[in-house]
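# Coordinate analysis (summary)
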Amino acid sequence: MGTRDKLIKRFINQPKDFTFDELSKLLKGFGFEISNKGKTSGSRIRFINIESKSVIDIHKPHPGNIIKEGTLKAIYEKLISSEFIDNVKKEQNEKEED
């Protein structure tokens, strides 16, 4: 299993310590680019996938680097609905852990 696959598996399992850096790598792997909406955006970050026209808006965590649980779940749902992640993968991960 490659590094990207491990990161996807980790994300699907919705850990409480998933970092912004991990999220950035994950989304870049799916073709998203970061846009911070200019100098006045503050901690607001926008991930845009030009090909699928999918947009994910979040607040970059501060002072720490851990993504909040609700934000992580919303991103997970967005990636499933946009068909970047197949819902079957979560079921497979749960079976592997048993």
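As shown above, the structure is provided for reference.
Figured I'd write up the structure that's included with this text. Bear in mind the structure is a predicted one, so any value in this text is a computation, not a measurement.

## Description of the overall build of the protein
- A count of helices and strands for the protein gives four helices and three strands.
- Scanning the protein from its N terminus toward the C terminus, one meets helices and strands in the order α-α-β-β-β-α-α.
- Among the 98 residues that make up the protein, the fraction classed as buried is 32%.
- Here the contacts in the protein between residues at least 6 apart in sequence split such that 45% fall between residues at least 24 apart.
- For the protein, the computed accessible surface area is about 6,600 Å², with 49% contributed by carbon and sulfur atoms.

## Quick word on the pattern of salt bridges
- Applying the stated criterion to the full structure yields four salt bridges.
- Asp57 is the salt-bridge partner of Arg46, the closest N and O atoms lying 2.7 Å from each other. On the criterion of sequence distance, the pair formed by Arg46 in strand S2 (residues 44-49) and Asp57 in strand S3 (residues 54-59) is long-range, its members being 11 residues apart.
- With a relative accessible area of 27%, Arg46 lands in the partly exposed category.
- Judged by relative accessible area, Asp57 falls into the partly exposed class, the value being 44%.
- Overlapping salt bridges, with partners in common, bring together Arg10, Asp17 and Glu22 in one network.

## A short note on the sheet that holds strand S1 (residues 33-35)
- On the basis of which strands lie adjacent, the open sheet formed by three strands has the order S1-S2-S3 and antiparallel pairing. Each edge of the open sheet carries a strand with a single partner, namely S1 and S3. Neighbour-to-neighbour, the strand axes of the sheet open up by a mean angle of 25 degrees, direction not taken into account.
- In terms of strand pairing, S2 meets S3 through six bridges, oriented antiparallel. Looking across to S3, one finds that Ile48 is bridged to Val55.
- Against the sheet, helix H2 (residues 20-29) makes contact with S1, S2 and S3, and its axis sits at roughly 20 degrees relative to S2, the strand it touches most.

The rules we used
- Residues numbered from 1 in each chain as written.
- Predicted model: local features only at pLDDT ≥ 70, side-chain atom pairs only at ≥ 80, totals over all residues.
- Heavy atoms only, no water.
- Helix = DSSP H or I, 4+ residues; strand = E, 2+ residues; numbered from the N terminus.
- Buried < 20%, exposed > 50% of the residue type's maximum accessible area, 1.4 Å probe, protein only.
- Contact = heavy atoms within 4.5 Å.
- Areas by Shrake-Rupley, 256 points an atom, 1.4 Å probe, with all protein chains shown as cover.
- Salt bridge = Lys/Arg side-chain N within 4 Å of Asp/Glu carboxyl O.
- Pairing = 2+ DSSP bridges.
- Axes fitted to C-alpha atoms, helices over the stretch in contact; angles between N-to-C directions.

Geometric values such as these leave the question of function open.
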